Amino acid sequence: MPGEKETCRASQNRASPSLLPAPSSLLIFTVNVSFDKNNATMMRYANNVPTAQSITSPHLYHRTRPSSSLHRPSSSPFNTLYARYSSRTYWLSLTNLLRLLWLLLIFWGERYIWSSSISACSWESWERWPADAIPHRVTLVADPQLVDIHTYSRRGVSLAATIFYTDKYLSRAWSLLHSELIPAETYFLGDLFDGGREWVSVEDPVVQKDPNAKKDWKWHGDEYWMSELARWEKIFPPPAGVRVKTGLPGNHDLGFGEGVKLAVRERFGAFFGKGNERWEAGNHTWVMVDGVSLSNDQDEAVFGPIREFLEDLERPMTRGKLTHDPKLVTQRKMEQKRQPTVLLTHVPLFREKETDCGSLREKGKSIPIWQGYQYQNVLTPELSAELLKRTGARYVFSGDDHDACEVEHMYGPLGKVREWTVKSVSWTMGVRRPGFEMVSLWNPSHPSSSPPPPPSSSFSPAKIEETPEELTARLGPAEERNSEHLAPQPPVVHGGQETLQAHLCFLPDQIHIFLVYAVCAVVTLLVVCVDVWRRPGEMVGNGGVLPSWKGIPDAEGKYWKPNRRTQGGRWFVRRWAGEVCRIAGVVVGFYGVLLWMW
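Residues numbered from 1 in each chain as written. Predicted model: local features only at pLDDT ≥ 70, side-chain atom pairs only at ≥ 80, totals over all residues. Heavy atoms only, no water.

K.L.:
Please give an account of the overall build of the protein chain that cites residues and values.
P.N.:
Secondary structure summary: the protein chain contains 18 helices and 15 strands in total. Counting only contacts in the protein chain whose residues sit at least 6 apart along the sequence, the fraction spanning at least 24 positions is 76%. Just so you have it, the protein chain exposes about 34500 Å², and 59% of that area is on carbon and sulfur atoms. (Helix = DSSP H or I, 4+ residues; strand = E, 2+ residues; numbered from the N terminus. Contact = heavy atoms within 4.5 Å. Areas by Shrake-Rupley, 256 points an atom, 1.4 Å probe, with all protein chains shown as cover.)

Below, the structure is given as structure tokens:
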């Protein structure tokens, strides 16, 4: 039939043996094409999440889609990093903003606040000498008391951290003191160690043991003290060109009174120098007296050498070769009597209870009068009077109390004697603002053969310049002159009273710095928490390549909506911890560099 012939002819044309492939090759080709097509479709779909408009389209798999990352040429790591770190969005992100704020905060707490505190203590800012004066400048450091196992009962990481930051604080103060202020001399006022008196291998049966001793103290002796000495030398290296005296002992170095151990005192003197000494500096006579040993009135081996030293103070100091010429001895003695004497003692002199210490004191208004194991807040009245009589001191500097105190003593022929109790230089000694004392001396020497000094009125004016108002109040018309608005007068030196000026230099409040760090850390954690919470969550998935979908297609064949994004607890903690670590990594690294460099 004609229809059958046409059908057969068409079938023969479509299935010509010369055009059809073999059955096996056709099967392989069909499988490969199907697999590649399905794989490409799945990967393209997984990398292009449908939008609200694309979900409702009945031609989801037939419309043109953007090429996925699998079809893009791979970029180099350098290009990837450049694209990330060169974008404005990255640098203006909250993470980098918090990093910048923390870097500025660390710089403020570890550098700026230190330099500004020392700069505020410059000699020129508080000295009030005549314009042509060249004063002799001395700094006094009291009670560093290196923290050890005697200081606190805690052990482990807590004590190690306290020791680390205390040593770093003392090292910074010592370094800046000499690099910025550049004194000619520096003297320590005792209590170099905190438990120095306890670390001895051979116990003295006469000396009472500490009632608060810990169990691990018995394991430490001279070896432990020697390790503390090496630590001291690392913190306080001798500065070039500065005379440093460390021989004055404190009650934490030797004990007090009957508690002084001879072996401990000999060891201390062997490494730190004499505890009783007299020398000249700035045309003043300086006298250092071991008051803690002198307070022992039972053992002559302890107080005997100090009393001999006090008796020898009546003899004049010799310069160069010794001489027995009575005229030269008398002349030298008269010269030294004209020089004011400065007394250094660890324990303050006696004063009445509730004696006001001035406005620079942090805790209370006066030094409490009491005593306990191996300490006594002030010397006895008899011993204080003997020291003033033997030394003839007009100025006294002491330590031991850890807080500032300035008082005046009345003593017979000497009249008023001023005493400064110097603050502790360590931030772990019960004061928030540690410090050290700066002493400026100006007493030009005039030998007996030279003419007498001119009157003070012929001296140059003080460094303080008069303001226009003060100048008018002094030299203006009679109706405009006012004695209440005159400029302060320079101190009278020759024929007057003052040859010494003192100034307390405050160091940074380390506890305040730590509190600022803690508050800023809490604020940073809260800010990061809010920022992570506001970010979109993750698409809920079933663990496969494609996201999961919910709902049933409608009659028109449109596709159903995807699951909503969620912010689960595990996802939130992971993102929050990641942001915190990215901020802390930069901040901690910068903080470590600053600590290592200084």
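K.L.:
So what's going on with helix H17 (residues 510-534)? Residues and values would help.
P.N.:
Compared with the 36 Å implied by 1.5 Å per residue over 25 residues, the 37 Å span of H17 between its first and last C-alpha is a close match. Regarding H17, the residues found buried are Gln510, Ile513, Val516, Tyr517, Thr524, Val528 and Val532. If you follow the buried residues of H17, they end up packed against helix H6 (94-119), helix H8 (157-181) and helix H18 (569-597). (Expected span 1.5 Å × (residues − 1). Buried < 20%, exposed > 50% of the residue type's maximum accessible area, 1.4 Å probe, protein only.)

K.L.:
Can you lay out the environment of Thr345 for me, pointing to particular residues and giving the numbers?
P.N.:
The residue Thr345 is located in strand S6 (residues 341-345) in this model. Along the backbone, Thr345 and Pro249 are 96 residues apart, and their C-alpha atoms lie at a distance of 8.8 Å. Setting aside residues up to four positions removed in sequence, Thr345 forms contacts with Leu248, Val289, Gly291, Leu379, Val396, Phe397, Ser398 and Gly399. Of note is the side chain of Thr345, whose polar atom sits 3.3 Å from the backbone oxygen of Val347. (Polar contact = N/O pair within 3.5 Å; in protein donor to acceptor, adjacent residues only side chain to side chain.)

K.L.:
Tell me about the packing of helix H13 (residues 300-311) against helix H15 (residues 381-391), and please be specific about residues and values.
P.N.:
Any two packed helices are characterised by how steeply their axes cross, that is the angle between the axes, and by the distance between the axes. It is the contact of H13 with H15, at a shortest axis distance of 10 Å, that shows an interaxial angle of 40°. As far as their axial angle goes, H15 and H13 are oblique. Seen from H13, the contacting residues are Arg307, Leu310 and Glu311; seen from H15, they are Leu383, Glu386, Leu387 and Arg390. Counted by class, the contact of H13 with H15 contains three nonpolar, no polar and four charged residues. (Axes fitted to C-alpha atoms, helices over the stretch in contact; angles between N-to-C directions. Parallel < 35°, antiparallel > 145°, perpendicular 65-115°, else oblique. Nonpolar A, V, L, I, M, F, W, Y, C, P; charged D, E, K, R; others polar.)

K.L.:
Outline the pattern of salt bridges, listing residues and values.
P.N.:
When the charged atoms of two side chains with opposite charge come close together, those side chains can pair. Enumeration according to the criterion identifies 19 salt bridges in this entry. In this structure, Arg197 and Glu198 form a salt bridge, with 3.1 Å as the shortest nitrogen-oxygen distance. One exposure class covers both Arg197 and Glu198, and it is buried. Between Asp509 and Arg432 there is a salt bridge, with its nearest N and O atoms 3.1 Å apart. A residue pair is termed long-range when its members are at least 10 positions apart, and Asp509 in the loop between strand S13 (500-506) and H17 and Arg432 in the loop between strand S11 (415-421) and strand S12 (435-441) qualify at 77 residues. (Salt bridge = Lys/Arg side-chain N within 4 Å of Asp/Glu carboxyl O.)

K.L.:
Mind laying out the packing of aromatic side chains, listing which residues take part and the relevant values?
P.N.:
Here the structure, examined in full by the defined rule, presents 26 aromatic pairs. For the ring pair Trp225 and Phe271, a centre distance of 5.5 Å and an interplane angle of 55° mean the geometry is tilted. Of this pair, Trp225 sits in helix H9 (residues 222-235) while Phe271 sits in helix H11 (residues 262-272), placing them 46 residues apart in sequence. Here the aromatic rings of Trp232 and Phe236 are separated by 4.3 Å at their centres, their planes lie at 40°, and the arrangement is tilted. Each of the two residues, Trp232 as well as Phe236, counts as buried. Site record: aromatic cluster; members linked through ring pairs are Trp174, Phe188, Phe193, Trp225, Trp232, Phe236, Phe268, Phe271 and Phe272. Across from the ring centre of Tyr152, 4.1 Å away, lies the NZ or CZ of Arg154, which sits over that ring. The aromatic ring of Trp279 is capped on one face by Lys245, whose charged end is 4.7 Å from the ring centroid. (Phe/Tyr/Trp six-rings, centres within 6.5 Å; stacked < 30°, edge-to-face > 60°. Lys NZ or Arg CZ within 6 Å of the ring centre and 35° of its normal.)

K.L.:
Give a detailed account of the sheet that holds strand S4 (residues 277-281), specifying residues and quantitative values.
P.N.:
Strand order in the open sheet formed by six strands is S4-S5-S6-S9-S11-S10, and the pairing between neighbours is mixed. Each having just a single partner strand, S4 and strand S10 (405-411) make up the two edges of the open sheet. Direction aside, neighbouring strands of the sheet carry axes that sit 20° apart on average. Pairing geometry for S4 and strand S5 (residues 284-289), over five bridges, is antiparallel. When the bridges of S5 are listed, Arg278 appears paired with Val287. Running over the sheet, H13 touches S4 and S5 and is turned about 165° from S5. (Pairing = 2+ DSSP bridges.)

K.L.:
Can you explain the side chain of Ser398? Please cite residues and give values.
P.N.:
Counting through the fold element by element, Ser398 comes out in strand S9 (residues 395-398). At 2.9 Å, the side chain of Ser398 forms a polar contact with the side chain of Glu419.

K.L.:
With reference to specific residues and values, describe the packing of H6 against H17.
P.N.:
One can describe the packing of H6 onto H17 by two numbers: an axis separation of 12 Å at closest approach and a directional angle of 180°. Classified by the angle their axes make, H6 and H17 are roughly antiparallel. Every residue of H17 that contacts H6 at Leu94, Leu98, Trp102, Leu105, Ile106, Trp108, Gly109, Glu110 and Ile113 is listed here: His512, Ile513, Val516, Tyr517, Cys520, Ala521, Thr524, Val527, Val528 and Asp531. Classifying every residue of the contact of H6 with H17 by side-chain character gives 14 nonpolar, three polar and two charged.

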